Amino acid sequence: MKNYPLYSHEYFMAKALDLAIKAGEAGEIPVGAIVVAGGSKIIGKGSNQTEQLSDVTAHAEIIAITAASQSLGAKYLKECTLYVTLEPCVMCAGALHWAQIERIVYGASDTKRGFSRVTPNILHPKTSVVKGVLEKDCEILLKNFFKDLRT
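Being a predicted model, the structure only gives us computed values, none of them experimental.

Rules used in this analysis
- Residues numbered from 1 in each chain as written.
- Predicted model: local features only at pLDDT ≥ 70, side-chain atom pairs only at ≥ 80, totals over all residues.
- Heavy atoms only, no water.
- Helix = DSSP H or I, 4+ residues; strand = E, 2+ residues; numbered from the N terminus.
- Rg over C-alpha atoms; globule rule 2.2 N^0.38 Å.
- Buried < 20%, exposed > 50% of the residue type's maximum accessible area, 1.4 Å probe, protein only.
- Contact = heavy atoms within 4.5 Å.
- Areas by Shrake-Rupley, 256 points an atom, 1.4 Å probe, with all protein chains shown as cover.
- Lys, Arg positive; Asp, Glu negative; His and termini not counted.
- Charge placed at Lys NZ, Arg CZ, Asp CG, Glu CD.
- UniProt positions renumbered as here; feature names shortened; annotations may be inferred.
- 1 Å grid on protein atoms, 1.4 Å probe; cavity = no way out; pocket = protein on both sides within 12 Å on 5 of 7 lines; lining within 4 Å.

Quick word on the overall build of the chain
A count of helices and strands for the chain gives six helices and five strands. The linear arrangement of helices and strands in the chain, starting from the amino end, is α-β-β-α-α-β-α-β-α-β-α. Over its C-alpha atoms the chain spans a radius of gyration of 14 Å, differing by no more than 12% from the 15 Å that the globule rule assigns to 151 residues. Principal-axis analysis of the C-alpha atoms places the extent of the chain at approximately 45 × 35 × 25 Å. The buried share of the chain, taken over its 151 residues, is 46%. Sequence separation of 24 or more characterises 58% of the internal contacts of the chain that already satisfy a separation of 6 or more. Carbon together with sulfur atoms contributes 53% to the accessible area of the chain, which is approximately 8200 Å² in total. Side-chain charges of the chain comprise 17 positive and 15 negative groups, with the mean position of each set lying 4 Å from the other.

Focus on the UniProt feature "binding site: Zn(2+)" (unreviewed entry) in the chain
Mapped onto this numbering, the UniProt entry annotates "binding site: Zn(2+)" (unreviewed entry) at His59, Cys89 and Cys92. These annotated residues cover 34 residues of sequence, and their C-alpha atoms lie no more than 9.3 Å from one another, placing them together at a single site. Residues from the named set that contribute to the lining of the largest pocket are His59, Cys89 and Cys92. Structurally, His59 can be placed in the loop between helix H2 (50-53) and helix H3 (60-72). Contacts of His59, omitting those with residues within four sequence positions, involve Asn48, Thr50, Cys89, Met91 and Cys92.

Structure follows, in structure tokens:
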């Protein structure tokens, strides 16, 4: 992992990228997500597990939300940030809305299924979004995965 400033967006996105790499190595679409509370404490982690669990809802974000909620003992993630390597889909954005997450930081945009293209107003009104963090690294990981899948 590159040496990013401690607790920066890049620092946490690099951790999500590590999860995405492991997911890709396991044959899953390489997406990783972490939930951070208070700007410094990781309280939830997830990577895509749709193949492993035979569950179309086993997206990295959903798994990270569940882990974070269990860690806090609460269903709302009001003072938390989700870092995810790929822009959330509509299903995940809906779950993030209900969790009332404070901030979403994502790497690569999903030009086909990303919430911002499909349903841009789906997030909770108080949720802020930061996009493009380590975008190239996230894009390369996904492009290489799908390229290898086709060959």
